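Per-entry structural report
Given next are the chains, with one letter for each unit.
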Amino acid sequence: MVAGRGLVVSGLNALRVGRFLQRGRRDSAPAVSFSSAAGSHKEKLKNRQAELMSRGLPKQKPLPGVKHVLVVASGKGGVGKSTTAVNLALGIAATDQAKAVGLLDADVYGPSIPRMMNLKGNPEVSDRNLMIPLVNYGIQCMSMGFLVEETTPVVWRGLMVMSAIERLLRQVDWGELDYLVVDMPPGTGDVQLSVSQNIPISGAVIVSTPQDIALLDARRGAEMFKKVSVPVSSSSVMHCLSFSYHKE
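Think of each chain on its own: its residues are numbered from 1, step by step along the sequence as written. The model is predicted, so local features are restricted to residues of pLDDT at least 70 and side-chain atom pairs to those at 80 or more, both for listing and for counting; the totals for chains, interfaces and linings are taken over all residues. To obtain the side-chain values, all non-hydrogen atoms of the structure were included, while hydrogens and water were left out.

Topic: the overall build of the chain
Helical segments are the DSSP runs of H or I of at least four residues, strand segments are the runs of E of at least two, and each set is numbered from the N terminus. Each helix and strand counted, the chain has 6 helices and 9 strands in total. Burial here depends on accessible area, computed with a 1.4 Å probe over protein chains only, as a share of the maximum for the residue type. Under 20% is buried, over 50% is exposed, and the range in between is partly exposed. Taking all 248 residues of the chain together, 37% fall into the buried category. In the chain, of all internal contacts separated by at least 6 residues, the share reaching a separation of at least 24 is 74%. Residue contacts are counted whenever heavy atoms from the two residues lie within 4.5 Å of one another.

Topic: the nonpolar core
The nonpolar core is taken to be a set of buried Ala, Val, Leu, Ile, Met, Phe, Trp, Tyr and Cys residues, with the residues joined through side-chain atoms within 4.5 Å. Leu103, Leu180 and Phe225 are the most contacted members of the largest nonpolar core, which totals 56 residues. The greatest single-element share of this core, amounting to 6 residues, is contributed by strand β3 (residues 66-73). Discounting chain neighbours no more than four positions away, the residues touching Leu103 are Ala85, Val86, Ala89, Ile113, Met117, Ile139, Gln140, Cys141, Met142, Trp174, Leu180 and Val181.

Quick word on the pairing of strand β4 (residues 101-105)
For β4, the tally of buried residues reaches 5 of 5 residues, placing the bulk of the element in the interior. The alternating pattern of β4 places Val101, Leu103 and Asp105 on one face and Gly102 and Leu104 on the opposite face, and all of these are buried. Here 5 bridges tie β4 to strand β7 (residues 177-183), and the two strands are oriented parallel to one another. By the bridge assignment for β7, Leu104 is matched with Val182. Bridge count for β4 against strand β6 (residues 139-143) is 4 bridges, and the pairing is parallel. Paired strands are those between which DSSP finds at least two bridges.

Some remarks on the pattern of salt bridges
Close approach of charged atoms allows side chains of opposite charge to pair. The rule for a salt bridge is simple: a side-chain nitrogen of Lys or Arg has to be within 4 Å of a carboxyl oxygen of Asp or Glu. Counted according to the given criterion, the structure contains 6 salt bridges. The salt bridge partner of Asp183 is Lys81, with a shortest N-O separation of 3.0 Å. Of this pair, Asp183 sits in strand β7 while Lys81 sits in helix α2 (residues 81-95), placing them 102 residues apart in sequence. In this structure, Asp183 and Lys81 share a single accessibility class: buried. Here Asp217 makes a salt bridge to Arg220, at a shortest N to O gap of 2.5 Å. Of this pair, Asp217 and Arg220 both sit in helix α6 (residues 212-227), 3 residues apart, which is roughly one turn of that helix.

Examining the packing of helix α4 (residues 158-170) against helix α5 (residues 190-198)
Axis definition: a line fit to C-alpha positions, over the contact stretch in the case of helices; interaxial angles, taken between N-to-C directions, run 0 to 180 degrees. At their nearest, the axes of α4 and α5 sit 10 Å apart, and the two run at 40 degrees to each other. Between α4 and α5, the angle falls in the class oblique. Relative to α5, the crossing made by α4 is right-handed. Of the residues in α5, those in contact with Val161, Met162, Ile165, Glu166, Leu169 and Arg170 of α4 are Asp190, Val191, Ser194, Val195 and Asn198. Working rule for angles: under 35 degrees goes down as roughly parallel, over 145 as roughly antiparallel, 65 to 115 as roughly perpendicular, anything else as oblique. Note on convention: the crossing is left-handed when the near helix lies turned anticlockwise from the far helix by less than a right angle, right-handed when the turn is clockwise.

What to know about α6
Taking 1.5 Å per residue as the helical rise, α6 with its 16 residues ought to reach 22 Å, and the 23 Å between its terminal C-alpha atoms agrees with that figure. All buried positions along α6 are accounted for by Ala214, Leu215, Asp217, Ala218, Gly221, Ala222, Met224 and Phe225. With its phi angle positive at about 65 degrees, Ser229 sits one or two positions after the end of α6. One fewer than the residue count of a helix, multiplied by 1.5 Å, yields its expected span.

Printed below as a string of structure tokens:
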């Protein structure tokens, strides 16, 4: 008779119990290696996915003649983003008149720069088949608003918008610029990713109004730029604009 763990067994049952316990001891060891193998497989799969994603991303190429690119973005529309972009470009030029500054309106659906910079007309084309920016207040400007009528809606799908952004970036004769300020469209969509992944960006300014919903969207915009490795200064993450209304 065999006694073990409060059980009394004998004969054939004792032999079966002994084999069962022995098999359990043998099978317990591979469980750790299986878990380790599963973790290793997940790590390899994660690294493989990251490698494939990096292959699909476009390689960043600097704009010829442009030293620094500054983007002005917002998570929500109507918060004063274009006003901030214009004031930033004019402020840089006024601070150091030796600096050459350009302003690109990347909001294809709702361009605001032509009116804010008091510019009209179609850009001329250089001998190299590049569009020549329109200039006012010493700032070189390019916008989709120069290529379509002010009241004409741009009804395009994503691929056409990406093609337009590529042309506004690389088929423009910017000359030699110290700073190019880019007025981005609101949100965190295709245009933001296309610009961030195609050209090196020196910094981003996130514009918001003090409302909680606007600030929430602004935080999303800041996180988006961090994910694509665009530096966002802590002092410019929340550039809040407050408006006061009064009755005459």
